[in-house]
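Summary of the model geometry
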Amino acid sequence: MDLDYRLAFELAPVGLCVSRNRSIVDCNRQLCEMFGFTRESLVGQSFLALYPSVDEYERLGARMAPILNARGRYADDRIMKRANGEVFWCHVTGRALNRAAPHESGIWSFEDLSSQRPVKAELTAREREVAARLLDGMTSKEIGKELAISHRTVEIYRARLMRKYKANTTAELVHKLTAGH
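Residues numbered from 1 in each chain as written. Predicted model: local features only at pLDDT ≥ 70, side-chain atom pairs only at ≥ 80, totals over all residues. Heavy atoms only, no water.

1. Regarding a positive patch on the surface
We apply this condition: Patches here: salt-bridge-free residues with over 30% relative accessible area, like charges joined within 9 Å, nonpolar side chains (Val, Leu, Ile, Met, Phe, Trp, Tyr) joined within 5 Å. Each accessible area is a Shrake-Rupley estimate made with a 1.4 Å probe; only the visible protein chains count as cover when residues are assessed. Every case where a carboxyl oxygen of Asp or Glu lies within 4 Å of a side-chain nitrogen of Lys or Arg is listed as a salt bridge. When charges are counted, Lys and Arg contribute as positive and Asp and Glu as negative, whereas His and the chain ends are disregarded. We put the charge of a Lys on NZ, of an Arg on CZ, of an Asp on CG and of a Glu on CD. Secondary structure elements follow DSSP: runs of H or I of four or more residues count as helices, runs of E of two or more count as strands, with numbering from the N terminus. A simple rule labels every residue: compare its accessible area, found with a 1.4 Å probe on the protein chains alone, to the largest value its type can have, and call it buried under 20%, exposed over 50%, or partly exposed in between.
A contiguous patch of positive charge on the surface is contributed by Arg71, Arg73, Arg95 and Arg99. Relative to the helices and strands, arginine 99 resides in the loop between strand E4 (87–96) and strand E5 (105–112). Under the relative-accessibility criterion, arginine 99 is labelled partly exposed at 41%.

Set out below in structure tokens:
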């Protein structure tokens, strides 16, 4: 059986792209539909166009590099931004083609999680980072270490999230973040 790899790439049920130095070299139809861009407007564009802020783009790029370097792959759930400015939860998985230079070239998949996990409150960049790690089951100390902030600072952000989502416990907050209530 002859496989048409281009057709498989184009019709994959998740957003796919090939990257070079954190810019999009090629992308499939699903990625364009998910983010609300045309293929022509994404090809050659920096991944920055898909992030809610420059700060998140830079911090995540810096955090991904050593993981891509060590393992050759990276995955997380994060809030991304559509062309119309709407933010949404997205599962992102990537593979570095050259582990020694992890951002040099890669293959990335994007899965829209908004139907299972809608973004219900206006969150700051740091609140989004803390929320994503709470969903991964991390403690304040673990989050603080990963984000290079104190665990007390993490607890302040957790308290803000609990107020915004009207949650009384961390477990209730996690439930509301995942269920979107």
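2. Digging into the pattern of salt bridges
Enumeration over the complete set of coordinates arrives at 14 salt bridges. Arginine 78 serves as the salt-bridge partner of aspartate 76, at 2.9 Å between the closest nitrogen and oxygen. For the pair aspartate 76 and arginine 78, one class covers both residues: buried. The partner of glutamate 86 in a salt bridge is arginine 82, and the shortest N-O contact between them spans 3.3 Å. On the basis of relative accessible area, arginine 82 is assigned to the buried category, the value being 11%. Each of Arg6, Glu10, Asp26, Arg29 and Arg39 takes part in salt bridges that share partners, so that together they form one network.

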